[in-house]
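Here's the letter readout for the chains.
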Amino acid sequence: FVTRYRPHADETHLPRHIDGAGVDGSLVLGLPSECGFGGGGLTVWDGEGDAELFEYPVGCGDVCLLDSKVWHQSNPVTWGERWV
């Protein structure tokens, strides 16, 4: 699916989650935005609990591949529009 994040209530990010049953994995692709954005990016947790945390900026054209069992979230947008 394609998602737009904006600095409005309930539109800034997608909280920590896994993508669920029936999904082999996910591809997160940073799409172009005419107005740009601040904040955003992707946080990924690896290992038990919060043992390892990785933050990726995911700019336009950047790709991140995730296994279906990896906890992740999109980080809040502070201004503009972010499309992924």
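Preceding block: the structure.
Keep in mind that what you see is a predicted model, and the values were worked out from it rather than measured.

(A) Spatial organisation of the overall build of the protein. For the protein, the count of helices and strands is 0 helices and 9 strands. Relative to its length of 84 residues, the protein is compact, with a C-alpha radius of gyration of 13 Å against a globular reference of 12 Å. Each principal axis of the C-alpha atoms in the protein carries an extent, and together these give about 35 × 20 × 20 Å. Looking at the protein as a whole, 32% of its 84 residues qualify as buried. Accessible surface for the protein amounts to roughly 5,400 Å². Of this, 56% is attributable to carbon and sulfur atoms. Averaged over its 5 positive side-chain charges, the protein has a centre that lies 6 Å from the centre of its 13 negative ones.

(B) The pattern of salt bridges, seen in detail. The full count for this structure, using the stated rule, is 2 salt bridges. Note that E81 and R4 form a salt bridge whose closest N and O atoms lie 3.8 Å from each other. Taken together, the residues span a long stretch of sequence, with E81 in the loop between β8 (77-80) and β9 (82-83) and R4 in strand β1 (residues 4-5) at a distance of 77 residues. For R4, a relative accessible area of 35% corresponds to the partly exposed category. The salt bridge involving E11 is made with R6; its shortest N-O contact spans 2.7 Å.

(C) Structural context of the environment of G38. Note that G38 resides in strand β3 (residues 37-39). For G38, a relative accessible area of 9% puts it in the buried group. It is 5.7 Å that separates the C-alpha atoms of G38 and V77, two residues lying 39 residues apart in sequence. Once you skip the residues sitting within four places of it in the chain, G38 turns out to touch P76, V77, T78 and W79.

(D) Spotlight on the nonpolar core. Residues V28, L42, V44, V58, C64, L66 and V70 constitute the largest nonpolar core, which totals 7 residues. Those elements that place two or more of their residues in this core are β4 (42-46) and β6 (63-67). Apart from residues no more than four positions distant in its own chain, L66 is found in contact with G25, S26, V28, L42, V44 and H72.

(E) Looking closely at the sheet that holds strand β7 (residues 71-74). A sheet is described by the order of its strands in space; here 3 strands give the open sequence β5-β4-β7, paired in antiparallel fashion. If you trace the sheet from one side to the other, it starts and ends with β5 (52-56) and β7, each paired once. When the angles between neighbouring strand axes are averaged without regard to direction, this sheet yields 15°. Bridging between β4 and β5 involves 5 bridges; their strand directions are antiparallel. Counterpart to D46 in the pairing with β5 is E52.

The rules behind the values
- Residues numbered from 1 in each chain as written.
- Predicted model: local features only at pLDDT ≥ 70, side-chain atom pairs only at ≥ 80, totals over all residues.
- Heavy atoms only, no water.
- Helix = DSSP H or I, 4+ residues; strand = E, 2+ residues; numbered from the N terminus.
- Rg over C-alpha atoms; globule rule 2.2 N^0.38 Å.
- Buried < 20%, exposed > 50% of the residue type's maximum accessible area, 1.4 Å probe, protein only.
- Areas by Shrake-Rupley, 256 points an atom, 1.4 Å probe, with all protein chains shown as cover.
- Lys, Arg positive; Asp, Glu negative; His and termini not counted.
- Charge placed at Lys NZ, Arg CZ, Asp CG, Glu CD.
- Salt bridge = Lys/Arg side-chain N within 4 Å of Asp/Glu carboxyl O.
- Contact = heavy atoms within 4.5 Å.
- Core = buried A, V, L, I, M, F, W, Y, C linked by side-chain atoms within 4.5 Å.
- Pairing = 2+ DSSP bridges.
- Axes fitted to C-alpha atoms, helices over the stretch in contact; angles between N-to-C directions.

Interpretation note: all reported values are geometric properties and have no functional meaning in isolation.
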